Amino acid sequence: MENKTELILIRISGVDRPGLTASVTAILSKYQVDIMDIGQADIHSTLSLGILFKCSDQDSGNIMKELLFKASDLGINIRFYPISDEEYETWVNLQGKNRYILTLLGRKLTAQQIAGATKLLAEQQLNIDGIRRLTGRIPLDEKKANVRACIEFSVRGTPRDREELQSQLMQLSASLGMDFSFQQDNMYRRMRRLICFDMDSTLIETEVIDELAIRAGVGDQVKAITKRAMRGEIDFCESFKERVALLKGLDESVMRDIAEHLPITEGVERLMFVLKRYGYKIAILSGGFTYFGNYLKEKFGIDYVYANQLEIVDGKLTGRYLGDIVDGRRKAELLRLLAQVENVDIAQTIAVGDGANDLPMLSTAGLGIAFHAKPKVVANAQQAINTIGLDGVLYFLGFKDSYLDERGKL
């Protein structure tokens, strides 16, 4: 008579220790069971282990008896749940569903933030498969430097309205002081290879043209034009010509002094080290100036710099520029060109910027990130970082603090 089979789910919880999983699976191996699914999580040294297995109905009683004795010896809790064939087939059929990654990031994360985000997922009929912490263990002293918290949700299903979810997450992040990224979980997300940065107010905490204007005595005039351009109120190219013309007569030595004292954005050094260490190609696509982009290129080992070149005659700025202006449209073109040069799919690219002229490349890249951005940019961005430094990009790429060596850690 042919033996029947049973599907049994066991759930184990208790204090984690070395060899616990080995002890449990050793019992299962005696009866030559098939493991249909297995998953484990460890939170503050507390284990949660689930194993779904298929066994002969003649062996199931002995298996559960031995597991109960072993659980008693180990001081852990074990529960058994029979799974019907119909339940199992329903679970198998779910593997074709879309998968997404929701990343929450901030100086700290609160229950209110997590409750808000997960409520939105539930309203969109999305199911959370897994949760993991990407940042290191959080100290009790919140005043310590570089403290931040990041968790990643693995989500299954198809959003009822993807755009609505995106908008609601953006509103939630603004009201509760956190950052987020919501990405489809596919191979492209795991294989990003090219990252393009705006320079001014992204890699550095200033607009260089404003610094030059201050030295030229036209700071207020140029700053006013810059702000209007970054908010998207006036055409970038026209604003660029107006501002450069006001710099006429400035000595070239001023540029060198400004370059040597550029205020580097928080997190840039860590971000650049990790990206270079793990093989990313890095580009600066800037509406600023090549002189300063090349300085950062040398400092951080950046691969490409595309920006605007100021004309210099007899050691002084002429108030003119050379070549085509790198505006928003040109940034998007350069992103596509670099993807071709590096032989990567556009879905494997990342763009990071803060101004209205960054929107074309943010929307073109596989992952576009608004960084401490202007309102118009945030309103049109898919994900944003506003609460921490630029190394927050690492968490949107799935990097985990514990995987990085000492220089890559906080």
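Overview of the structure. (Residues numbered from 1 in each chain as written. Predicted model: local features only at pLDDT ≥ 70, side-chain atom pairs only at ≥ 80, totals over all residues. Heavy atoms only, no water.)

What the chain contains, in helices and strands, is 16 helices and 15 strands. Each principal axis of the C-alpha atoms in the chain carries an extent, and together these give about 95 × 40 × 40 Å. Within the chain, the proportion of its 410 residues that are buried is 48%. In the chain, 70% of the contacts between residues at least 6 apart in sequence involve partners at least 24 apart. (Helix = DSSP H or I, 4+ residues; strand = E, 2+ residues; numbered from the N terminus. Buried < 20%, exposed > 50% of the residue type's maximum accessible area, 1.4 Å probe, protein only. Contact = heavy atoms within 4.5 Å.)

On to helix 5 (residues 162-176), then. Across its 15 residues, helix 5 extends 21 Å between first and last C-alpha, which sits within 8% of the 21 Å expected from 1.5 Å per residue. Among all positions in helix 5, only L165, Q166, L169, M170, L172 and S173 are buried. Take helix 5 and look down its axis: the buried residues cluster within an arc of 165 degrees, on one side only. Facing away from the buried surface of helix 5 by more than 90 degrees, the exposed residues are E163, Q171, A174 and S175. Those residues of helix 5 that are buried lie in contact with strand 5 (99-106), helix 4 (111-123), strand 8 (179-184), helix 15 (375-380) and strand 15 (383-385). (Expected span 1.5 Å × (residues − 1). Arc of directions from axis to C-beta.)

Let us now look at the packing of helix 10 (residues 252-260) against helix 12 (residues 290-300). Their axes nearest at 10 Å, the elements helix 10 and helix 12 cross at an angle of 40 degrees. The interaxial crossing formed by helix 10 with helix 12 has right-handed handedness. Of the residues in helix 12, those in contact with M255, R256, I258, A259 and E260 of helix 10 are Y291, F292 and Y295. Residue composition of the contact of helix 10 with helix 12, grouped by class: six nonpolar, no polar and two charged. (Axes fitted to C-alpha atoms, helices over the stretch in contact; angles between N-to-C directions. Left-handed = near helix turned anticlockwise from the far one by under 90°. Nonpolar A, V, L, I, M, F, W, Y, C, P; charged D, E, K, R; others polar.)

This part is about the packing of aromatic side chains. Any pair of aromatic rings gets described here by the distance separating the centres and the angle formed by the planes. Applying the stated criterion across every chain yields a total of eight aromatic pairs. Between F240 and F289, the ring centres sit 5.9 Å apart and the planes meet at 45 degrees, which makes this aromatic pair tilted. Taken together, the residues span a long stretch of sequence, with F240 in helix 9 (residues 236-245) and F289 in strand 10 (residues 281-289) at a distance of 49 residues. For the pair Y280 and F399, a centre-to-centre distance of 6.4 Å together with 45 degrees between the ring planes defines the contact as tilted. Pair noted here: Y280 is in the loop between helix 11 (268-277) and strand 10 and F399 is in the segment after helix 16 (393-396), with a separation of 119 residues, a long-range link. Accessibility assignment for this pair places Y280 and F399 in one class, buried. An aromatic cluster is present here, built from F236, F240, F289 and Y321 joined pairwise through their rings. The aromatic ring of Y81 is capped on one face by R11, whose charged end is 4.6 Å from the ring centroid. The ring of Y403 is capped by K400, whose NZ or CZ atom sits 5.8 Å from the centre of that ring. (Phe/Tyr/Trp six-rings, centres within 6.5 Å; stacked < 30°, edge-to-face > 60°. Lys NZ or Arg CZ within 6 Å of the ring centre and 35° of its normal.)

Turning our attention to the environment of H372. Relative to the assigned elements, H372 resides in the loop between strand 14 (367-371) and helix 15. Looking at H372, the relative accessible area reads 38%, which means it is partly exposed. Along the chain, H372 and V147 lie 225 residues apart, while their C-alpha atoms are 18 Å from each other. If near-sequence neighbours (up to four positions away) are discounted, H372 is found in contact with D354, I385, N386, T387 and I388.

With that settled, the discussion passes to a negative patch on the surface. A cluster of acidic side chains, namely D85, E86, E87 and E89, defines a negative patch on the protein surface. Secondary-structure assignment places E86 in helix 3 (residues 85-93). When its relative accessible area of 58% is taken as the criterion, E86 is described as exposed. (Patch = residues over 30% accessible without salt bridge, like charges linked within 9 Å, V, L, I, M, F, W, Y side chains within 5 Å. Areas by Shrake-Rupley, 256 points an atom, 1.4 Å probe, with all protein chains shown as cover. Salt bridge = Lys/Arg side-chain N within 4 Å of Asp/Glu carboxyl O. Lys, Arg positive; Asp, Glu negative; His and termini not counted. Charge placed at Lys NZ, Arg CZ, Asp CG, Glu CD.)

Put simply, helix 4 and helix 5 touch, their axes get as near as 10 Å, and they point 170 degrees apart. Overall, the two elements helix 4 and helix 5 adopt an arrangement that is roughly antiparallel. Residues Q112, Q113, G116, A117 and L120 of helix 4 touch helix 5, and the partners they reach there are L165, Q168, L169, L172 and L176. Split into classes, the residues belonging to the contact of helix 4 with helix 5 amount to six nonpolar, four polar and no charged. (Parallel < 35°, antiparallel > 145°, perpendicular 65-115°, else oblique.)

Here strand 13 (residues 349-353) lies mainly inside the structure; five of its five residues are buried. Here strand 13 shows two buried faces, one formed by T349, A351 and G353 and the other by I350 and V352. Both strand 9 (residues 194-197) and strand 13 contribute to a ladder of four bridges, which runs parallel. In the sheet register, L194 faces strand 13, and the bridge partner there is T349. In the sheet, strand 13 pairs with strand 14 via four bridges, with the strands oriented parallel. Across the sheet, residue V352 finds its bridge partner in strand 14, namely I369. You can see the chain leave strand 13, run along helix 14 (residues 359-364) and come back into strand 14, and the turn it takes is right-handed. (Pairing = 2+ DSSP bridges. Right-handed = clockwise from strand over helix to strand, strands pointing away.)

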